[in-house]
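Examination of the molecular architecture
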Amino acid sequence: MRRVVARWRSHSRQIREQSRVWRRQWHVERDLEQVADADAIIAGPWCSEVGYEVLYWIPFLRWVMEAYRIPRERIVAVSRGGTSSWYDRIASRYVEIFDHVQPERLRANAVAGSLKQHQLSDLDREIADYASKTLQLPASTKILHPSLMFRWFAPFWSGHETLAFVERHTRFARMTAPDVEPPQPLPEGYAAVKLYSARSLPDSPAVRAQVDALLDGLSARLPVVHLDTGLGIDDHADYAVRGARGVSLSGRFDARTNLAVQTRIVAGARLYVGTCGSLAWLAPLLGVPTLPLFTDASFLHAHLHVARRVYGRIGAAAFSPLDLTGILDAGLAIGAAASPALMSRS
């Protein structure tokens, strides 16, 4: 009898949790409906991580446009780093955050733990007001804030919704790079590398040894271009690469256009290698085979699940995450054996 009672109590808790999830989703749908009928809609301002922007926010906006029949002429995208090309088929206009806000303010937000935009902050309001005044938008303009997306997908990230829920409420598509010039001429047939310390790839001696070995093997076969911007906009520090393996672009980026230029460089690469995060989610959408590195997948599982499912479905390039944990635990080292598939890619 006690087992029966325990099961029913467990079922009751599950029902209560699911009920709370449904209520939160209803609140988001209500908020979306209130925004959708506006004459002009500010999509943003996006001040959070690149990964969430590429993997969730932009596909979510495409779904919102479709579900609520919003033409792109009514949407203004507000983001940072020159990412207007990411919003080409979403927004008719783009406002650059760094035209108004110094990068240091965004970094201060990140350090303070406010990187994910779970609510409309004073800084967000300030940026939205700037966008509205700059473009002389009507007084009826409304904000489609990133907090709606974070609230909408929270049940998926917490395990209360399945991948099918994400697929129903996103629209993924290949992306194109902007027509911008890199800060200096780049070698032919290069690999783009962006390595930074993060929870997924901590900067420890063991991890660094594996990363160094991988770069040794890679640079022996392809020219390497490092996307170490040196800007320090977020809370991640670039890996200090041992030796002079390849081209470093540190100090050559302007904050206002840094993501546009990095997008262009990644799109021109034969291969992208980097920490699992940031541009690793973008590179396959640009048609570039991608090798994301990590040692801690505890908070990556949901994101990896999404990427593996949707990239193949839309014809994106190969996305081949490499977990270094097994190599480290076994006391092995990454070798430098040639990859025929890589070497034959034109």
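First, a word on what this report is: a plain description of the structure on this page.

Analysis parameters
Residues numbered from 1 in each chain as written. Predicted model: local features only at pLDDT ≥ 70, side-chain atom pairs only at ≥ 80, totals over all residues. Heavy atoms only, no water. Axes fitted to C-alpha atoms, helices over the stretch in contact; angles between N-to-C directions. Helix = DSSP H or I, 4+ residues; strand = E, 2+ residues; numbered from the N terminus. Parallel < 35°, antiparallel > 145°, perpendicular 65-115°, else oblique. Left-handed = near helix turned anticlockwise from the far one by under 90°. Contact = heavy atoms within 4.5 Å. Nonpolar A, V, L, I, M, F, W, Y, C, P; charged D, E, K, R; others polar. Expected span 1.5 Å × (residues − 1). Buried < 20%, exposed > 50% of the residue type's maximum accessible area, 1.4 Å probe, protein only. Salt bridge = Lys/Arg side-chain N within 4 Å of Asp/Glu carboxyl O.

Attention now goes to the packing of helix H2 (residues 50–67) against helix H9 (residues 301–313). As a packed pair, H2 and H9 sit with axes 12 Å apart at the nearest point and diverge in direction by 55°. Between H2 and H9, the crossing angle belongs to the class labelled oblique. In the packing of H2 onto H9, the handedness of the crossing is left-handed. Here Tyr-52, Leu-55 and Tyr-56 of H2 come into contact with H9, specifically with Ala-302, His-303, Val-306, Ala-307 and Tyr-311. Of the residues belonging to the contact of H2 with H9, the class tally is seven nonpolar, one polar and no charged.

To continue, consider helix H7 (residues 205–219). Helix length check: H7, at 15 residues, gives a terminal C-alpha distance of 21 Å against a target of 21 Å (1.5 Å per residue), a fit within 8%. Among the residues of H7, those classed as buried are Val-207, Gln-210, Val-211, Asp-212, Ala-213, Leu-214, Leu-215, Gly-217 and Leu-218.

Using the criterion set out here, one finds twelve salt bridges in the structure. Its salt-bridge partner being Glu-49, residue Lys-116 comes within 3.0 Å of it at the nearest N-O pair. Of the two residues, Lys-116 is situated in the loop between helix H3 (103–111) and helix H4 (122–135) and Glu-49 in the loop between strand E1 (41–43) and H2; the sequence distance between them amounts to 67 residues. With its nearest N and O atoms 2.8 Å apart, the salt bridge here joins Glu-167 to Arg-309. Placement of the pair is Glu-167 in helix H6 (residues 163–168) and Arg-309 in helix H9, with a sequence separation of 142 residues. When its relative accessible area of 40% is taken as the criterion, Arg-309 is described as partly exposed. Several salt bridges converge on common partners, so that one network encompasses Arg-30, Asp-31 and Arg-151.

In this section: helix H5 (residues 146–157). Its twelve residues place the ends of H5 16 Å apart at the C-alpha level, agreeing with the 16 Å of an ideal helix rising 1.5 Å per residue. Of all twelve residues making up H5, nine are buried, and the element is well covered by its neighbours. Of the positions making up H5, those classed as buried are Pro-146, Ser-147, Leu-148, Met-149, Phe-150, Trp-152, Phe-153, Pro-155 and Phe-156.

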